[in-house]
Amino acid sequence: MVSHSRRAAVIVNPTKFEDVEAVRERVEKVCVEHGWESPLWLETTAEDTGVGQTREALAAGVDMICPLGGDGTVRTVGTELVGTGMPLGLLPGGTGNLLARNLELPVDSLEAALTVALTGTDTPIDSCRLELVRPTSSQLAERLTDEDDPARSVDFDDAVDDRGSEDVREEHRFLVMAGLGFDAEVMASAPEKLKARVGWLAYLMAGVRHLKGPQFTVDVRVDGKQPFRRRARSVMIGNVGKLQGGMELLPDAHADDGALDAVLLSPEGIVGWAATVAQLTTRRRIGHPRVEHLHGTQVTVLSDKPVELEIDGDTLGSAIAIRVEIEPGGLIVRLPA
């Protein structure tokens, strides 16, 4: 009886590597060493960042699909695989590699990460579905006339003035975290060349430039309960909670717990940010107004003005409201046996 020869697909973002062919040779070598065929090699493009490649890999009947790029590539490939039963093998190729870090997978060695993918155990984790509401052009224009608003990249293409249009709402999926406000502004302003040169420090440098930005008012509802109002500088909702540098923004978040965790950050000025970071790093939560943690399966946030939005490090432009729901156990990931 002839055994089935296994084959993986590797979906690579070529902009993340100086020598893509050398990377391909390294991947093929590890696959062959573990008794797998040379992988199906598919490269993303500016026009198709992973959706078409993932569908092509599924149609080809491979045994596993491995995104090799940044968190955005992982999100695009991973969300296409939700509900398919196809295993996802995480390979480090970006600045953050946040899903891999949170799952305690290798992020400093391509060979080690691929070995886990080829030899590991299929493990279900959760994903998140997000619906956003776009602002009107007049709401965006108000941001430009607000002298206290640091928005430097208001894009009127985000506006939808016909409130009866289907374009008012958009649906996305993410695997790590969504953020309104400060973090999205940072993601939008961190240059790709700087990220390639200094890694996650590029986000830190961009963050310093946005520390003095204003707060915004949000109405928050968790699991359909009574909404409450807060002033915030950033609202982050996550499937997992660990950031670069080991900071646990959402220490109770787990990828397989069937729940969302969220945090409202409300610092004022440099001193407020220092206190906020201190609280996050020491995990002190009681009696401190700058950090508020939430837990549930659905979180809705309505802002009093358009705010920048990001998911898994990819900026989505401005939104005035979001609703995030957990999708339990729909994605299969290869973890160490």
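Nothing here was measured: the structure is a model prediction, and the numbers come from that model. (Residues numbered from 1 in each chain as written. Predicted model: local features only at pLDDT ≥ 70, side-chain atom pairs only at ≥ 80, totals over all residues. Heavy atoms only, no water.)

Draft legend 1. Focus on the nonpolar core. Counting 38 residues, the largest nonpolar core has Ile-65, Leu-90, Leu-99, Leu-103, Leu-249, Leu-331 and Val-333 as the members making the most contacts within it. Those elements that place two or more of their residues in this core are β1 (8-12), β2 (40-43), α3 (71-81), α4 (98-102), β12 (260-265) and β15 (314-335). In terms of nonpolar packing, the next biggest core, distinct from the first, is built from 27 residues, Leu-132, Val-220, Val-299 and Val-301 among them. (Core = buried A, V, L, I, M, F, W, Y, C linked by side-chain atoms within 4.5 Å. Buried < 20%, exposed > 50% of the residue type's maximum accessible area, 1.4 Å probe, protein only. Helix = DSSP H or I, 4+ residues; strand = E, 2+ residues; numbered from the N terminus.)

Draft legend 2. Looking closely at unusual backbone geometry. With phi around 60°, Glu-104 is a residue other than glycine that occupies positive phi space. Here the phi dihedral of Asp-312 falls at roughly 50°; this positive angle occurs in a residue that is not glycine. Structurally, Asp-312 is set in the loop between β14 (298-311) and β15. Looking at Asp-312, the relative accessible area reads 5%, which means it is buried.

Draft legend 3. Spatial organisation of the pairing of strand β8 (residues 177-181). Burial analysis of β8 places 5 of its 5 residues in the buried class, which makes it a mostly covered element. Across 5 bridges, β8 lies against strand β11 (residues 234-238) in antiparallel orientation. The residue of β11 that forms the bridge with Gly-181 is Ser-234. In this sheet, β14 lies alongside β8 in antiparallel orientation, the contact comprising 3 bridges. Considered in β14, the bridge of Gly-179 is made with Glu-310. (Pairing = 2+ DSSP bridges.)

Draft legend 4. Here's a closer look at the pattern of salt bridges. For the structure on display, the rule yields 17 salt bridges. The shortest N-O distance in the salt bridge between Arg-129 and Glu-325 comes to 2.7 Å. Of the two residues, Arg-129 sits in strand β6 (residues 121-133) while Glu-325 sits in strand β15, which places them 196 residues apart along the sequence. Given the relative accessible area of 24%, Arg-129 is considered partly exposed. Taking the shortest distance from any N to any O, the salt bridge between Glu-308 and Arg-143 comes out at 3.7 Å. Of this pair, Glu-308 sits in strand β14 while Arg-143 is found in helix α6 (residues 137-145), placing the two residues 165 residues apart along the sequence. A cluster of three or more residues bridged by salt bridges with shared partners is formed by Arg-129, Glu-131, Arg-169, Arg-173, Arg-323, Glu-325 and Glu-327. (Salt bridge = Lys/Arg side-chain N within 4 Å of Asp/Glu carboxyl O.)

Draft legend 5. Structural context of the packing of helix α2 (residues 51-59) against α3. One can describe the packing of α2 onto α3 by two numbers: an axis separation of 9 Å at closest approach and a directional angle of 45°. In terms of their interaxial angle, α2 and α3 are classed as oblique. Every pair of crossing elements has a handedness; the one defined by α2 and α3 is right-handed. Of the residues in α3, those in contact with Val-51, Thr-54, Arg-55 and Leu-58 of α2 are Thr-76, Val-77, Glu-80 and Leu-81. The residue makeup of the contact of α2 with α3, split by class, is 4 nonpolar, 2 polar and 2 charged. (Axes fitted to C-alpha atoms, helices over the stretch in contact; angles between N-to-C directions. Parallel < 35°, antiparallel > 145°, perpendicular 65-115°, else oblique. Left-handed = near helix turned anticlockwise from the far one by under 90°. Contact = heavy atoms within 4.5 Å. Nonpolar A, V, L, I, M, F, W, Y, C, P; charged D, E, K, R; others polar.)

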